[in-house]
Amino acid sequence: MAWAGVVAALARFSDALGAEGVVEFVRLGRPFFAVEEAGSVVVDARGAFAVLGAVGDDASGKVVVGLCLLGTIVEARTVVDASRPLAARRRAACTAAFVDANVVAMVIHLCHVFRFDIDGIRLDAADCLTPDFIAALRKHVDARRQEFYLMGEVIHGDYRAWANEGMCNGTTNYEAYKGIWSSHNDNNFFEIAYTLNRQFGDQGIYRGLSMYSFVENHDVERLASKLRDSRDLFTAYAMMFFMPGIPSIYYGGEWGMRGKKGTGYEADLAIRPAIAPTDLTSGNVAPTGDEKNDLCKAIARFSKVRRSNDDIMLGSYAQVEVAPQHIIFKRGYCTICAISKAADPKCVDIAVEPGTYVDVLNDDRKYDAHDGRLKFTMFAHWANVLRKI
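Figured I'd write up the structure that's included with this text. (Residues numbered from 1 in each chain as written. Predicted model: local features only at pLDDT ≥ 70, side-chain atom pairs only at ≥ 80, totals over all residues. Heavy atoms only, no water.)

1. Remarks on the packing of aromatic side chains
- In this structure the tally under the stated criterion is twelve aromatic pairs.
- A ring pair is formed by Phe 242 and Phe 302, whose centres lie 5.6 Å apart and whose planes are at 75°; its orientation type is edge-to-face. Here the residue Phe 242 occupies a position in helix H8 (residues 232-242), and Phe 302 occupies one in helix H9 (residues 295-307), the gap between them amounting to 60 residues.
- By relative accessible area, Phe 302 is classed as buried at 0%.
- Ring pairing ties together the aromatic residues Phe 234, Phe 241, Phe 242, Phe 302 and Trp 382, which thus form one cluster. (Phe/Tyr/Trp six-rings, centres within 6.5 Å; stacked < 30°, edge-to-face > 60°. Helix = DSSP H or I, 4+ residues; strand = E, 2+ residues; numbered from the N terminus. Buried < 20%, exposed > 50% of the residue type's maximum accessible area, 1.4 Å probe, protein only.)

2. Side note on the sheet that holds strand S13 (residues 317-323)
- Strand order in the open sheet made by the six strands is S13-S14-S15-S20-S17-S18, with antiparallel pairing throughout. Two strands in the sheet have a free side with no partner beyond their single neighbour: S13 and strand S18 (365-369). This sheet shows a mean twist of 20° between the axes of neighbouring strands, independent of strand direction.
- On the sheet, helix H6 (residues 189-200) packs against S13, strand S14 (326-331) and strand S15 (335-340) and is oriented at approximately 165° with respect to S13. (Pairing = 2+ DSSP bridges. Axes fitted to C-alpha atoms, helices over the stretch in contact; angles between N-to-C directions. Contact = heavy atoms within 4.5 Å.)

3. Overview of the packing of H8 against H9
- With their axes 10 Å apart at the nearest point, H8 and H9 run at an angle of 20° to one another. Our classification of the angle between H8 and H9 gives roughly parallel. In the packing of H8 onto H9, the handedness of the crossing is right-handed. Only Leu 295, Ala 298, Ile 299, Phe 302, Ser 303, Val 305 and Arg 306 of H9 make contact with H8, whose side of the interface consists of Leu 233, Phe 234, Tyr 237, Ala 238, Phe 241 and Phe 242.
- Its residues placed into classes, the contact of H8 with H9 shows eleven nonpolar, one polar and one charged. (Parallel < 35°, antiparallel > 145°, perpendicular 65-115°, else oblique. Left-handed = near helix turned anticlockwise from the far one by under 90°. Nonpolar A, V, L, I, M, F, W, Y, C, P; charged D, E, K, R; others polar.)

4. Examining the side chain of Asp 311
- Tracing the backbone shows Asp 311 in helix H10 (residues 310-314).
- For the buried Asp 311, which has no salt bridge, the nearest side chain bearing the opposite charge is Arg 387, at an N-O separation of 5.0 Å.
- Discounting residues that sit within four places of it in the chain, Asp 311 has contacts with Arg 331, Gly 332, Tyr 333, Cys 334 and Thr 335. (Lys, Arg positive; Asp, Glu negative; His and termini not counted. Salt bridge = Lys/Arg side-chain N within 4 Å of Asp/Glu carboxyl O.)

The following block contains the structure:
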């Protein structure tokens, strides 16, 4: 359909704040299978989307404009006959390329990204979007806020095709995600070491990109169900927080929530459950008061250490030592991160710049480096973060 019709429909919807409409959810020409039937959408007086979507009338039927919560852009298309069977309407879906800057601006404004001070947008299935659209979107948001984060969901391929100076700031880092859980299950930290060095080392292909790091999300099995040893939850999260990238927490993950993907239409229900506050302690890692045994407190501690350390937030990556059950790497100018899933503590001796190092993750313990060598003890199923002072 003509973009003029889409813009007109968006404008009419924007003017009709407080109205209700019926929407069928479409994602880049593919059906949004989480919604089997069309549903109601209520827009409040501020114009904020209560659920998803928008509707405007069109001579050929209904103009359906899908807008995913918090700004993910989906698709606009015409439903010729809303009374047709759902399968037939799915087959009639057409993929539309967002290349008109005016449409980009309209979509962004309707999502109220800047009005509500939203920090970024996740582009669902970004590998299905045209490069022209992503570039136009990046140009639009950069003109409004330079620090705005534009992230694309991509699973396979060279992420630089979507994350680069003129397109997304970063993409989902599925390669590192796989390396984190499988290196733990296989007692083979060489796998994740290879991935991190390939991505972020001296010749790393993703150096300078703000990659989106995760250990679970709405499309994959819960980490607590993926790992063979529940104690590895702590080191997996430590790895995600201290490696390059922007770490993320999927709801319930901080409590060690379990969930395996099923089959058929309800395949994702177990990994996307509705939870109540009383459910939060029912995971396999229950609160005990000790952060080394309380996953939620451990993650909070990892986050605090990361946010207070520019080396970890923004610094370079260099591998120092790797073994089947541990990895040591340097971040930035003077921070050493050591992560061990071994059952027993281990004393290590590594080459570093001379000086005194403080383990900011473990009670600020101090270690002096002599003759360019630093000796310290790695804790079992835990991490060290040593910062030179």
